Amino acid sequence: MIKLLLLTSTLFLLSACVNKHGISAKYYSDCNEYYDLQGFYHKKCGDDDIVTYKQLEDVAKKAIDYVSGEDEKPKGNVW
């Protein structure tokens, strides 16, 4: 009985949806689409996401830098 309860609660907690912006409670995240006064199209999405891929990328870069021991990355290959 305890195993079933733990399994059910674990599945409930891990039931988030993965969409193209990140991990959220909904499969389709709400997007705000509009044109500004100059006629440029803007689309803001992913505000309701729990974790975005950008946040995951930043954390992964910090972890790689910590493990590899590199404090400063080169700015480019131009001398």
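As a reminder, the structure under discussion sits directly above these lines.
Keep in mind that this is a model prediction, so the values were computed, not measured.

Caption draft 1: A look at a nonpolar patch on the surface. A contiguous nonpolar patch, built from Val18, Tyr53 and Leu56 and spanning about 270 Å² of accessible area, is present on the exposed surface. Position of Val18 relative to the elements: it lies in strand E1 (residues 17-18).

Caption draft 2: Spatial organisation of the pairing of strand E4 (residues 41-44). Here strand E3 (residues 32-35) pairs with E4 via four bridges, running antiparallel. Along E4, the bridge assignment pairs Asn32 with Lys44. From the end of E3 to the start of E4, which pair antiparallel, there are five residues, and Gly39 there has a positive phi angle of about 95°.

Caption draft 3: Highlighting the pattern of salt bridges. With the rule as written, the count across this model stands at two salt bridges. When the shortest N-O distance is used, the salt bridge between Lys43 and Glu33 registers 3.9 Å. Of the two residues, Lys43 is situated in strand E4 and Glu33 in strand E3; the sequence distance between them amounts to 10 residues. With a relative accessible area of 43%, Lys43 lands in the partly exposed category. Among the salt bridges present, the one from Lys61 reaches Glu57, with a minimum N-O distance of 3.2 Å. Here the residue Lys61 and the residue Glu57 both occupy positions in helix H2 (residues 53-68), the gap between them amounting to four residues, near one helical turn. When its relative accessible area of 45% is taken as the criterion, Lys61 is described as partly exposed. Glu57 gets classed as partly exposed once you look at its relative accessible area, which sits at 36%.

Criteria and cut-off values
- Residues numbered from 1 in each chain as written.
- Predicted model: local features only at pLDDT ≥ 70, side-chain atom pairs only at ≥ 80, totals over all residues.
- Heavy atoms only, no water.
- Patch = residues over 30% accessible without salt bridge, like charges linked within 9 Å, V, L, I, M, F, W, Y side chains within 5 Å.
- Areas by Shrake-Rupley, 256 points an atom, 1.4 Å probe, with all protein chains shown as cover.
- Salt bridge = Lys/Arg side-chain N within 4 Å of Asp/Glu carboxyl O.
- Helix = DSSP H or I, 4+ residues; strand = E, 2+ residues; numbered from the N terminus.
- Pairing = 2+ DSSP bridges.
- Buried < 20%, exposed > 50% of the residue type's maximum accessible area, 1.4 Å probe, protein only.

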